Amino acid sequence: MGKAIVSIIGVDRVGIVAGISTVLADHNANIVNISQTNFEDIFTMIMLVDLSKLKGTFEALQRALEEKGKELGVQVSIQREEIFRFMHRI
Amino acid sequence: MFISPEEILETIRMIQLEKLDIRTVTLGVSLFDCSDSQRDMFVKKSCNKLFKFGQKLKSTLLDLEKEFGLPIVNARIAVTPISLVFPGDVEDYRVVAQEFDRVAKELQIDFLGGFSALVQKGVTKSERFLIEALPYILSENQTICSSFNVASTRSGINADAVYLISQKIKKAAALSKERDGMACAKLVVFANAPEDNPFMAGAFHGTGEADAVLNIGVSGPGVVRAALEKIGYGLSLNQLSEEIKKLAFKITRMGELIGREAAKRLGIEFGVVDLSLAPTPLPGDSVAEILELIGVEKMGAPGSTAALMMLVDAVKKGGLMASSRVGGLSGAFIPVSEDKGTAEAVGKKALNLEKLEAMTSVCSVGLDMIALPGDTSAETIAGIILDEMAIGVANNKTTACRLIPVPGKKAGEWAEFGGLLGRAPIIEVNFFGCQNFVKRGGIIPAPLTSLRN
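As the structure is a prediction and not an experimental result, all values here were calculated from the model.

Novice: Please explain the overall build of chain B as it appears in this structure.
Specialist: Check the secondary structure of chain B and you find 15 helices and 15 strands. For 453 residues, the compact-globule estimate of 2.2 N^0.38 gives 22 Å, and chain B sits close to it at 21 Å. Taking all 453 residues of chain B together, the buried fraction comes to 60%. Considering only contacts in chain B between residues 6 or more positions apart, those separated by 24 or more positions represent 80%.

Laid out in C-alpha cells, this is it:
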C-alpha cells in the first residue's frame, strides 16, 4: 500500500502529535510530512504517511488511530492519498 | 506537501458535512450465456453466474469505503433484460424473481434490476406474461426491480404496452397498499432507455455490453448546495455556471476513482460514471434547494426550468472532464419523494405535475417517484406516461416514469415510502380524462427526426 493522509480535527491540546505519532510508529507507518493550521476556527493537523512497510492491516491502523483520537478528544481519520490527488489534481 | 491542507479539508468537509458519497456501484452481468427454455436450468446457470461475479462485490466496496473514507451507499446488480434470455410464463417469472431475490440478499445487494423488456415496437408472448407477472414480482420481493422500454425515437411509442403496464401499476399498488403502493417504486417505464444506467429501478445490462461491467453513480447535491449558499447572489449566471462546473469535476472524480479501483480489484471492466446529481431525503442533499439558491423562490416557480437547464449543463461539462467514460442517464434527477426540497415544493403547490413534465423536456430524466391519488385510473396513468414518452421520443432523449398511485389516499395527503425512497405529498392530477385516446391502442409512429440517414 502506498501513501495515506491522516487528518486530525478538533481542539488543540498537549500531546496530540506525540499520541498520533506513537500509533503510527507502532504500525511502522513513516511520517513524510506534517502541516498544522487553523482552518475556519478549527485546529487541524494533516500528516502524509508512507504505508509501504506497514505492519499489520490498514484496518487495524485505522482502528488504533480512531481510538487514540477518542482518547485525545479529537477526530482522527486516515484515507488513502489518491482520493485527494484525484479530486484536486488533473 | 503535494496538496494543501485547505484542499484536504475541502474533501473531508464535502464527505462529512455535505454528504458527498458514491450513491451506487452497479455490477452489470450478461445472462445471455445462461439462456435456457427450462426454468430450473436457467435459474441454476444464472444464479451461478451472479455468485461468480457478485460474491466479492459487497466486501470489496466495504474495503474501499474504509481505505478512502468515502461512503458507498448501495451495491447493486443489473442483468440482461430477463425477457431476452428466458421465455417463461407468469408462474415462471414469479419463481425466477424469487430465486434472484434470494441470491441478491445472500450477496448483500440492495437492488437487482433487469426484470425488463424492450417493447417499444411490439410485445412478444413471453413479454406479455412478464407484464402480467409484474404486480407479483414487485410486491413479493424486496430487491427485484423492473423496467420497460415502451418508446424510442427510432420506433415511436407503443401505446398498447403503456396501457397494459399502467393497469399493472394499479394492481402492484393495490398489492402493496399497506406500504402506500411502494411496489410501484421498483418499476420504471422508459423512452430511449440507456443500456448502462447504474441507477435503480431502471438499471438493466444492455445487449451491447460486455460480460460483466461496473457502472458508478455519484451523489453530490449537498456539495453544490453548500457552495452556492456560500457564494450568495453576488455572481452572474455564467459565473455561477463556472463554479458549478468545478464542483461537478470534483464530485465526478470520486466516482471515477472508486470505479477504477473497484474494477481493478474485482477483475471486471469499468463501465461508466453517470453524471446525474442524485439527491437523497436527507436535509441539504437536495436538487430543489440548489435551484432555490440559484434564485427561484421555490422549485416550480417561473425560472425553474431555465435554472435546472443551467445546473445540469454545468454538471455535465465539469463531469465530462473528470471521467474517462461518461454514460447512463447523466441528466437531472428530480425524484419527488427522494428529495426533501422537491417534496416540500409539491406540498406548497409551487411545483405541479405539468411543471415537472416541462422540466423533462430540457434535462430532467423523468417523472420520478411521484405519488398520485389512489383513485387515478389506469387510463389517466397511461396518459401521463404517454405524454412523458412523447417528450423523450420527440427530443431524442431519455425520459422515464416512476408513478405510484397511493391506495386510499387523496391529493394533499402524504405517502410514506421510508428510507432512501423518502416521503411525498400526493400530487394533484388533471380532473379531465383521456380514456378514448388511450383505448384506441396501437402505436404512435416514430417522428420524422427518427429518419437520420
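Text resumes after the structure shown.
Novice: What's the story with the overall build of chain A in this structure? I'm lost.
Specialist: The number of helices and strands found in chain A is three helices and four strands. Going from the N terminus to the C terminus, chain A shows its helices and strands as β-α-β-β-α-β-α. Taking 12 Å as the expected radius of gyration for a compact globule of 90 residues, we find that chain A reaches 13 Å, a close match to that expectation. Along the three orthogonal principal directions, the C-alpha set of chain A runs to about 35 × 30 × 20 Å. Taking all 90 residues of chain A together, 36% fall into the buried category. Taking contacts inside chain A between residues at least 6 apart in sequence as the whole, the part at least 24 apart equals 70%.

Novice: Just checking my understanding: could you explain the packing of helix H1 (residues 16–26) of chain A against helix H2 (residues 58–72) of chain A for this structure?
Specialist: Each packed pair of helices is defined by two parameters, the angle between the axes and the distance between the axes. Residues and elements named next belong to chain A. Two numbers describe how H1 lies on H2: the axes approach to 10 Å, and their chain directions differ by 160 degrees. For the element pair H1 / H2, the angle class is roughly antiparallel. Seen from above, H1 lies across H2 with right-handed handedness. Residues Ile16, Gly19, Ile20 and Val23 of H1 pack against Ala64, Leu65, Lys68 and Leu72 of H2. The class makeup of the residues in the contact of H1 with H2 is six nonpolar, one polar and one charged.

Novice: Help me out: how do you make sense of the interface of chain B and chain A in this one?
Specialist: Frequently, the measure chosen for interface size is the accessible area that the parts lose on association. In this complex, chain B contributes 19 residues to the contact, which on the side of chain A involves 22 residues. For the side of chain B that touches chain A, the secondary-structure elements that each account for two or more residues are helix H1 (5–16), helix H3 (57–68) and helix H9 (237–266) of chain B. Sort the elements by how many residues they give to the side of chain B that touches chain A and H1 of chain B lands first, with seven residues. A breakdown of the residues in the side of chain B that touches chain A according to their chemical character gives ten nonpolar, two polar and seven charged.

Novice: When you look at the packing of helix H8 (residues 221–231) of chain B against H9 of chain B in this model, what are you seeing that I'm missing?
Specialist: Residue and element names in this part refer to chain B. The geometry of H8 relative to H9 is characterised by a closest axis approach of 10 Å and an angle of 150 degrees between their N-to-C directions. In terms of orientation, H8 and H9 fall into the roughly antiparallel class. Considering the relative orientation of H8 and H9, their crossing is right-handed. Within the contact between the two elements, H8 uses Val223, Val224, Ala227 and Ile231 and H9 uses Glu243, Ile244, Leu247 and Ile251. Of the residues assigned to the contact of H8 with H9, the class counts are seven nonpolar, no polar and one charged.

Novice: Would you explain H2 of chain A in this entry?
Specialist: For the α-helix, the turn length of 3.6 residues means that residues three or four positions removed from each other point alike. Taking 1.5 Å per residue as the helical rise, H2 of chain A with its 15 residues ought to reach 21 Å, and the 21 Å between its terminal C-alpha atoms agrees with that figure. Every buried residue of H2 of chain A is listed here: Leu61, Gln62, Leu65 and Gly69 of chain A. Across the axial projection of H2 of chain A, the buried residues extend over an arc of 100 degrees, all falling on one side. Those residues of H2 of chain A that are exposed and aimed more than 90 degrees away from the buried face are Glu59, Glu67, Lys70 and Glu71 of chain A. Close packing links the buried residues of H2 of chain A with strand E1 (3–10), H1 and strand E4 (74–80) of chain A together with H3 of chain B. Count one or two residues on from H2 of chain A and you reach Gly73 of chain A, which has phi positive near 75 degrees.

Novice: What exactly am I supposed to notice about the nonpolar core here?
Specialist: Most often, soluble globular proteins keep nonpolar side chains buried together rather than apart. Counting residues in each nonpolar core, the largest one holds 186 residues, and the members touching the most others are Val150 and Val162 of chain B. Once you skip the residues sitting within four places of it in the chain, Val162 of chain B turns out to touch Val150, Ile157, Ala382, Ile385, Leu386 and Met389 of chain B.

Novice: Mind showing me how you'd approach the pairing of strand E1 (residues 21–29) of chain B here?
Specialist: The side chains of a regular strand alternate, residue by residue, between the two faces of the sheet. Residues and elements named next belong to chain B. Where burial is concerned, most of E1 is hidden: nine out of the nine residues are buried. Here E1 runs beside strand E8 (residues 212–219); their pairing, made up of eight bridges, is antiparallel. Bridge pairing in E8 links Thr24 to Gly217.

What counts as what
- Residues numbered from 1 in each chain as written.
- Chains lettered and ligands numbered in written order.
- Predicted model: local features only at pLDDT ≥ 70, side-chain atom pairs only at ≥ 80, totals over all residues.
- Helix = DSSP H or I, 4+ residues; strand = E, 2+ residues; numbered from the N terminus.
- Rg over C-alpha atoms; globule rule 2.2 N^0.38 Å.
- Buried ≥ 20, exposed ≤ 12 C-beta atoms within 10 Å, placed from the backbone.
- Contact = placed C-beta atoms within 7 Å.
- Axes fitted to C-alpha atoms, helices over the stretch in contact; angles between N-to-C directions.
- Parallel < 35°, antiparallel > 145°, perpendicular 65-115°, else oblique.
- Left-handed = near helix turned anticlockwise from the far one by under 90°.
- Nonpolar A, V, L, I, M, F, W, Y, C, P; charged D, E, K, R; others polar.
- Expected span 1.5 Å × (residues − 1).
- Arc of directions from axis to C-beta.
- Core = buried A, V, L, I, M, F, W, Y, C linked by C-beta atoms within 7 Å.
- Pairing = 2+ DSSP bridges.

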